[in-house]
Amino acid sequence: MNEKSKVKRYERIYEQIKQLIEATDKPVSRMATINAILHHKFNNYYWTGFYELIKGDLIVSAYQGPVACLKLKKDTGVCWAGINQKETVIVPNVHDFPGHIACSSASNSEIVVPVFNKQKEIVAVLDVDSKDFDSFDEADKTGLEKIVALIYS
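Residues numbered from 1 in each chain as written. Predicted model: local features only at pLDDT ≥ 70, side-chain atom pairs only at ≥ 80, totals over all residues. Heavy atoms only, no water.

### Concerning the packing of helix α1 (residues 3-20) against helix α2 (residues 27-41)
Operational definition: A fitted line through C-alpha atoms serves as each axis, taken over the contacting stretch for helices, and the angle formed by two N-to-C directions is quoted from 0 to 180°. Each helix is a run of H or I in the DSSP string that is no shorter than four residues. Each strand is a run of E no shorter than two, and both are numbered from the N terminus. The labels follow the angle: roughly parallel below 35 degrees, roughly antiparallel above 145, roughly perpendicular from 65 to 115, and oblique for the rest. Less than a right angle of anticlockwise turn of the near helix away from the far helix marks a crossing as left-handed, whereas a clockwise turn marks it as right-handed. Any two residues whose heavy atoms approach within 4.5 Å at even a single point are treated as in contact.
At a closest axis distance of 10 Å, the pairing of α1 and α2 adopts a crossing angle of 150°. By the angle class used here, α1 and α2 are roughly antiparallel. As α1 packs across α2, the resulting crossing turns out to be right-handed. Of the residues in α2, those in contact with R9, Y10, I13, Q16, I17 and L20 of α1 are T33, I34, I37, L38 and K41.

### So, the pattern of salt bridges
Stated precisely, the cut-off is as follows: Take a side-chain nitrogen of Lys or Arg and a carboxyl oxygen of Asp or Glu: if they are within 4 Å of each other, that pair is a salt bridge. A 1.4 Å probe rolled over the protein chains alone gives each residue an accessible area, and that area as a share of the maximum for its type sets the label: buried under 20%, exposed over 50%, partly exposed in between.
Summed over the entire model, instances satisfying the criterion amount to four salt bridges. Of the charged contacts, one joins K71 and D57 as a salt bridge, the two residues approaching to 3.6 Å between their closest N and O atoms. Taken together, the residues K71 in strand β3 (residues 71-72) and D57 in strand β2 (residues 57-64) connect sequence positions 14 residues apart. Across the pair E145 and K141 runs a salt bridge whose closest N-O atoms are separated by 3.2 Å. One end of the pair, E145, and the other, K141, are both in helix α4 (residues 138-148), four residues apart, so they sit about a helical turn from each other. What makes E145 partly exposed here is its relative accessible area of 29%. One network of salt bridges, in which partners are shared, links K6, D137 and D140.

### Examining the pairing of strand β5 (residues 109-116)
Cut-off, in case you're wondering: By the convention used here, strands pair only if DSSP detects at least 2 bridges between them.
Burial within β5 is extensive, with seven of its eight residues counted as buried. Judged from the three bridges that link them, strand β4 (residues 89-91) and β5 form a sheet pairing that is antiparallel. Directly across from I90, in β5, lies its bridge partner I111. Summarising the sheet, β5 and strand β6 (residues 122-130) pair through eight bridges and their orientation is antiparallel. The residue of β6 that forms the bridge with E110 is D129.

### A short note on the environment of N2
Keep this limit in mind: Pairing of N or O atoms within 3.5 Å defines a polar contact, subject to two protein rules: one partner must be a possible hydrogen donor and the other a possible acceptor, and residues neighboring in sequence count only if both atoms are side-chain atoms.
By the secondary structure assignment, N2 is in the segment before α1. C-alpha of N2 to C-alpha of N108: the two residues are 106 residues apart in sequence and 20 Å apart in space. In terms of polar contacts, N2 uses its side chain to reach the backbone amide nitrogen of K4, at 3.1 Å.

### Let's talk about the sheet that holds β4
The strand order β3-β2-β1-β6-β5-β4 describes an open sheet built from six strands, whose pairing is antiparallel. Two strands lie at the open edges of the sheet, namely β3 and β4, each paired on one side alone. Where strand β1 (residues 47-54) lies against β6, six bridges are found, and the strand directions are antiparallel. Of the residues in β6, the one forming a bridge with G49 is D127. Sheet contacts for helix α3 (residues 77-85): β1, β2, β3, β4, β5 and β6; angle to β5, the most-contacted strand, approximately 40°. Running at roughly 30° to β5, α4 makes contact with β1, β4, β5 and β6 of the sheet.

### Description of α2
Because the α-helix completes a turn every 3.6 residues, residues three or four places apart line up on one side. To keep it simple, the criterion reads: For a helix, the expected span equals 1.5 Å multiplied by the number of residues minus one.
Taking 1.5 Å per residue as the helical rise, α2 with its 15 residues ought to reach 21 Å, and the 21 Å between its terminal C-alpha atoms agrees with that figure. Residues R30, M31, I34, N35, I37, L38 and H39 constitute the buried set of α2. On the buried face of α2, the contacting elements are α1, β1, β2, β6 and α4.

Limitation: the analysis is restricted to geometry and does not speak to function.
Have a look at this one:
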């Protein structure tokens, strides 16, 4: 998919999600809806889910895909990198990422997007894995950051 069509797809998905989540302000319900839509709208999304930051631990929350790691080792892997750097992390090849946590050996690339609450604190991350290498780019970063901002809007 070229970048222009990907940007358009994210714009359409954003509008769809925005309308659907108006039914509740409960974050986990919004996360579940976001997961379901993203996971089924993009063929390259192998695992799509949220890890919530709870009492200093990253615990799996709503997700789509195969069984996930329930708790991620502190300050290790791409999800923790997103939290510690306070920004989206794109990894073209997870096998080259120091400390990568392989919940599934089928994952080859990954994007992690921090989720900020209304106080601008990181409370979770959206984690998307792909079986393809180099699956994520700036269009994904921009689109996903805009979508996760809806959780606490």
